[in-house]
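Descriptive analysis of the structure
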Amino acid sequence: MTLAQLRVLVAVADHGGFTTAADHVGMSQPAVSRAIATLERELGAALFVRHRDGIALTEAGDRALARARETLRHFDLIRADVAAANGQITGELRLASLPSATGTLVARLLRAFTDHYPQVRVRLFEGVDDDIRAWLHRGAAEVGVVTLPAPGLHTAHLSTHDMVAVMPAAHPLAAQPVVHLSDLAGRPFILTTAGCRPLIMGAALAAGVGLDIAFEAGGPAAILEMVSAGLGVSIVPTLGLPADLGAVVTRPLEPAMSRSLALAVPSLDGCAPTARAFLDELAAFTL
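Residues numbered from 1 in each chain as written. Predicted model: local features only at pLDDT ≥ 70, side-chain atom pairs only at ≥ 80, totals over all residues. Heavy atoms only, no water.

An unreviewed UniProt entry lists the chain under the name LysR family transcriptional regulator, with Nonomuraea insulae as the source organism. Of the chain, the UniProt comment under Sequence similarities (unreviewed entry) reads exactly: "Belongs to the LysR transcriptional regulatory family." (UniProt positions renumbered as here; feature names shortened; annotations may be inferred.)

**Things to note about the packing of aromatic side chains**
Using the criterion set out here, one finds four aromatic pairs in the structure. Plain terms: the ring middles of F113 and Y117 are 5.1 Å apart, the flat faces sit at 45° to each other, and that makes the pair tilted. Judged by relative accessible area, which is 0%, F113 ranks as buried. For the ring pair F125 and W135, a centre distance of 5.0 Å and an interplane angle of 70° mean the geometry is edge-to-face. Pair noted here: F125 is in strand β4 (residues 120–126) and W135 is in helix α6 (residues 129–137), with a separation of 10 residues, a long-range link. (Phe/Tyr/Trp six-rings, centres within 6.5 Å; stacked < 30°, edge-to-face > 60°. Buried < 20%, exposed > 50% of the residue type's maximum accessible area, 1.4 Å probe, protein only. Helix = DSSP H or I, 4+ residues; strand = E, 2+ residues; numbered from the N terminus.)

**Focus: the environment of D129**
Take D129: it is sitting in helix α6. What makes D129 buried here is its relative accessible area of 4%. Along the sequence, D129 and S97 sit 32 residues apart, while their C-alpha atoms lie 8.6 Å from each other. Discounting residues that sit within four places of it in the chain, D129 has contacts with L98, V146, T147 and G195. (Contact = heavy atoms within 4.5 Å.)

**Quick look at the UniProt feature "domain: HTH lysR-type" (unreviewed entry) in the chain**
Listed under "domain: HTH lysR-type" (unreviewed entry) in the UniProt record, and renumbered for this structure, are residues 1–58. Between the end C-alpha atoms of residues 1–58 the distance is 19 Å, and the span holds 62% helix and 14% strand.

The structure is reproduced here in structure tokens:
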């Protein structure tokens with residue numbers, strides 16, 4: 001078993017196929033297939049199930065993948081830790097962000113970080129809260145932007161911002177200066193499937209309000225489109241809202257509701273030097 005085989009295993013799992021994995025690792029598709037076949041023979045178990053629509057990990061493959069990620073992460077940390085001991089921060093930083101936070105919060109922080117550490121390669125990818133937490137726990141990302149609270153992760157506060165009610169401009173609630181949570185009861189409600197969901201449901205439960213959930217959607221952009229189409233009302237964070245909402249209006253909530261975001265790492269003790277440097281950058285940075 002070699003490190004090259006483990007990198008191929010991770011690439012095939014992450015990219016969902018042999019051809020795309022080959023492009024990622026700089027090998028031919030037959031070479032990737034041979035690497036996986038050799039690894040399966042050495043381990044004595046099939047790692048992937050091949051079917052017409054693609055491939056899927058077997059239970060053995062899922063376990064091998066977790067260990068492969070852990071092995072590669074520790075191997076990659078050797079060079080980074082030695083360089084850090086000599087006062088150099090090098091290597092790669094894999095940063096996972098919420099789409100609403102990338103342009104509003106992360107971009108400026110990234111600019112400052114890359115100015116200070118130009119030798120660090122940054123890979124930025126986006127997802128919802130559940131994706132980001134999973135990526136952090138399995139080692140696919142070193143740092144992630146998550147919604148607080150985030151049990152099981154070491155966090156550094158990034159931003160707190162208001163949540164607001166959103167509705168069509170012609171909606172009866174749009175005539176009110178403030179929308180009470182109780183005003184939303186009995187109206188078709190569009191609930192996010194992202195990190196704000198527990199916050200919204202918890203606030204409704206505390207206020208004794210039953211939300212009539214008519215639709216569910218991922219991010220604020222999809223929710224705003226659905227509200228604009230007259231499918232219901234919703235609650236979204238102010239962070240990342242476009243300046244021009246078109247036929248949609250926002251109103252403050254009563255009781256007030258806010259969302260807090262943080263940079264998170266799985267553990268401060270096992271943190272990669274690049275991730276620790278990024279957290280240090282946040283501590284010295286004014287967003």
